[in-house]
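# Fold and contact review
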Amino acid sequence: MNLKLRTLNFLLLLLCLSFAVEMDLSPAEAAGKKLYMTGKGASDQPVTALMSGVSVPATVMPCVNCHGKKGLGQSGGEMAPPNITWKALSHATESADRQRPSYTEKTLKRAITMGLNPDGEALKQVMPRYQMTMEDMTNLLAYLKQL
Ligand code: HEC
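The text that follows walks through the structure, step by step, so that each part is easy to find. Bear in mind the structure is a predicted one, so any value in this text is a computation, not a measurement. (Residues numbered from 1 in each chain as written. Predicted model: local features only at pLDDT ≥ 70, side-chain atom pairs only at ≥ 80, totals over all residues. Heavy atoms only, no water.)

### Considerations on the overall build of the chain
In terms of helices and strands, the chain carries six helices and five strands. The principal-axis extent of the C-alpha atoms belonging to the chain is close to 70 × 35 × 30 Å. In the chain, the proportion of contacts linking residues at least 24 apart, taken out of those at least 6 apart, comes to 44%. Looking at the chain as shown, the accessible area adds up to about 9700 Å², and 61% of this sits on carbon and sulfur atoms. Both charge centroids of the chain, one from 16 positive and one from 12 negative side chains, sit 6 Å from each other. (Helix = DSSP H or I, 4+ residues; strand = E, 2+ residues; numbered from the N terminus. Contact = heavy atoms within 4.5 Å. Areas by Shrake-Rupley, 256 points an atom, 1.4 Å probe, with all protein chains shown as cover. Lys, Arg positive; Asp, Glu negative; His and termini not counted. Charge placed at Lys NZ, Arg CZ, Asp CG, Glu CD.)

Here is the structure:
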């Protein structure tokens, strides 16, 4: 193989690889992932977290801190942040520590902003109440559905 052809092959491989990475998440999902991991929104409008009545930037308390990288939560402990993968949220649960109907997109938004479960019951105060733009919420939900 001559050098030109080899270089061309290499470039093609790089192109395929970068495409594969891009294909992984849609732009909305990627923005949602950033918000989940870092607390940073898509615009200059800051995302805030209301923690026991005190408003802090969400960058101080992003979702990943409690629910983990894969949204599986943590079992045991005082707080025990629950599993928030879409598989878990879209199903009703009747476990000993959690009874609630399944979430819809609408009730999920309400849980994140107002801290209410689908029955309208308040979640514990350790789960912050978040304020964000509609665009950020759309992105976050797109990502949560991937978890
Ligand atoms: C400081 C820790 C903490 C952070 C940060 C946090 N959560 Fe939570 N979250 C919890 C805990 C604890 C619960 C359980 C509350 C309860 O049982 O009443 C919870 C509950 C939830 C629920 C309800 C689950 C169910 O089954 O009813 C959802 C949805 C949720 N969190 C989403 C999020 C999202 C999205 C973020 C980021 C924007 C986030 N949480 C950030 C601790 C946290």
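### Re the pattern of salt bridges
Evaluated as defined, the whole model comprises one salt bridge. Close ionic contact of Lys 145 with Glu 105 constitutes a salt bridge, the shortest N to O distance being 2.6 Å. You can see Lys 145 sitting in the segment after helix 6 (134-144) and its partner Glu 105 sitting in helix 5 (residues 105-114), a full 40 residues away along the chain. (Salt bridge = Lys/Arg side-chain N within 4 Å of Asp/Glu carboxyl O.)

### A word on the environment of Ala 30
Inspection of the secondary structure assignment puts Ala 30 in helix 2 (residues 27-38). Given the relative accessible area of 36%, Ala 30 is considered partly exposed. (Buried < 20%, exposed > 50% of the residue type's maximum accessible area, 1.4 Å probe, protein only.)

### Some remarks on the coordination of the iron atom of the ligand
Looking at the iron atom of the ligand, one finds its protein donor set to be His 67 (NE2) and Met 127 (SD), positioned 2.0 to 2.2 Å from the metal centre. Each of the six donor atoms around the iron atom of the ligand contributes to a set of angles spanning 86 to 179°, which defines the coordination as octahedral. Residue His 67 is located in helix 3 (residues 64-67), and its partner Met 127 is located in the loop between helix 5 and strand 5 (129-131); the two are separated by 60 residues in the primary sequence. On the accessibility criterion, His 67 (10% relative accessible area) is buried. (Donors = N, O, S within 2.8 Å, 3.2 Å for Na, K, Ca; no water. Tetrahedral: all angles 85-135°; square planar, octahedral: opposite > 155°, others 65-115°.)

### Points about the sheet that holds strand 1 (residues 48-51)
Reading across the sheet, the three strands line up as 2-1-5 and stay open at both edges, with antiparallel pairing between neighbours. Taken across any chain shown, the strands that pair with only one partner, and hence form the sheet edges, are strand 2 (54-57) and strand 5. Mean inter-strand twist for the sheet, computed between neighbouring axes without regard to direction, equals 30°. Where strand 1 and strand 2 come together, four bridges link them in antiparallel fashion. From the neighbouring strand, Ala 49 faces strand 2, where its bridge partner is Val 56. (Pairing = 2+ DSSP bridges. Axes fitted to C-alpha atoms, helices over the stretch in contact; angles between N-to-C directions.)

### Description of the site of the ligand
Within the structure, the ligand sits among 22 residues, and Cys 63, Cys 66, His 67, Tyr 103 and Met 127 are positioned closest to it. At a separation of 2.7 Å, an oxygen atom of the ligand approaches a polar side-chain atom of Arg 100. Between an oxygen atom of the ligand and a main-chain N or O atom of Lys 124, the distance comes to 2.7 Å. For the shell around the ligand, the elements supplying multiple residues, two or more each, are helix 3, strand 4 (98-100) and helix 5. Class assignment of the residues belonging to the shell around the ligand gives a composition of 18 nonpolar, one polar and three charged. (Near = heavy atom within 4 Å. Polar contact = N/O pair within 3.5 Å; in protein donor to acceptor, adjacent residues only side chain to side chain. Nonpolar A, V, L, I, M, F, W, Y, C, P; charged D, E, K, R; others polar.)

### Considerations on unusual backbone geometry
For Ser 52, which is not glycine, the phi torsion reads 45° and is therefore positive. Relative to the helices and strands, Ser 52 is located in the loop between strand 1 and strand 2. For Ala 80, which is not glycine, the phi torsion reads 40° and is therefore positive. Its place among the elements puts Ala 80 in the loop between helix 3 and helix 4 (86-89).

### Considerations on the pairing of strand 1
What sits between the antiparallel neighbours strand 1 and strand 2 is a turn of two residues, in which Ser 52 has the positive phi angle 45°. Relative to strand 5, strand 1 runs antiparallel, the two being bridged by three bridges. Note that in strand 5 the partner of Thr 48 across the bridge is Gln 131.

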